[in-house]
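# Breakdown of the fold
This is what each chain is made of:
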Amino acid sequence: MKPPHYDFIKYKRWKEQFIRDFSKITPEKKERALKELENLYPQGNERLAMAVLSMYLGGYERRIEDPEVKHWTNWACVKTYETFNAFPKLSDIELSFLFYAIGN
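Here we summarise the structure given alongside this text.

The tally for this structure, following the rule as stated, stands at five salt bridges. When the shortest N-O distance is used, the salt bridge between Lys30 and Glu46 registers 3.3 Å. Placement of Lys30 in helix α2 (residues 27-37) and of Glu46 in helix α3 (residues 46-57) is noted, with a sequence separation of 16 residues between them.

Our focus in this paragraph is the nonpolar core. Membership of the largest hydrophobic core comes to 25 residues, with the highest contact counts inside it found for Leu48 and Phe99. Those elements that provide at least two residues to this core are α1 (6-22), α2, α3, α4 (67-83) and α5 (92-103). Among residues more than four places away in sequence, those in contact with Phe99 are Ala51, Ser54, Met55, Cys77, Thr80, Tyr81 and Phe87.

Applying the stated rule across the entire model yields eight aromatic pairs. Judged by centre distance (6.0 Å) and plane angle (90°), the rings of Phe87 and Phe99 are edge-to-face. Here the residue Phe87 occupies a position in the loop between α4 and α5, and Phe99 occupies one in helix α5, the gap between them amounting to 12 residues. According to the relative accessible area criterion, Phe87 is buried, its value standing at 14%. Arranged with centres 6.3 Å apart and planes meeting at 20°, the rings of Phe97 and Tyr100 form a pair that is stacked. Placement of the pair is Phe97 and Tyr100 together in helix α5, with a separation of three residues, close to one helical turn. Joined through ring pairs, the aromatic side chains of Phe18, Phe22, Phe97 and Tyr100 make up one cluster.

Here is what the cut-offs are and how they apply
Residues numbered from 1 in each chain as written. Predicted model: local features only at pLDDT ≥ 70, side-chain atom pairs only at ≥ 80, totals over all residues. Heavy atoms only, no water. Salt bridge = Lys/Arg side-chain N within 4 Å of Asp/Glu carboxyl O. Helix = DSSP H or I, 4+ residues; strand = E, 2+ residues; numbered from the N terminus. Core = buried A, V, L, I, M, F, W, Y, C linked by side-chain atoms within 4.5 Å. Buried < 20%, exposed > 50% of the residue type's maximum accessible area, 1.4 Å probe, protein only. Contact = heavy atoms within 4.5 Å. Phe/Tyr/Trp six-rings, centres within 6.5 Å; stacked < 30°, edge-to-face > 60°.

Just distances and angles here, no functional claims.
Written out as C-alpha cells, the structure is:
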C-alpha cells in the first residue's frame, strides 16, 4: 500500500528535476522551436516555445525522433495551449512546469 502523500513526493521530485533541466534550454533551441511551430501557431509565441521545449525535457524528447510523431506532438501542445486560452493566470515558469509534467 502506498502512502497517501506519495503523489506529492513524485511531483516534488519532478520539480527538482525540472529546475535542473530548465537551464538546458538555450536560445538556439528556442529559435528552432519557434520555427517548428510556425506553421502550427503563426503568431510565433516565445512562451509557447518554452512550453514545448519543457514538454520535450519532461520525457517527450526520446519519443519525437520520428518527424511525424514530432509534428503531432507539437500539434497537441499547441491545441492544449489554445484550448486553455494560453493559460493566462500561469507565469512563464509555471506554464513550463505544467508542460514538463505533461511530457513526463
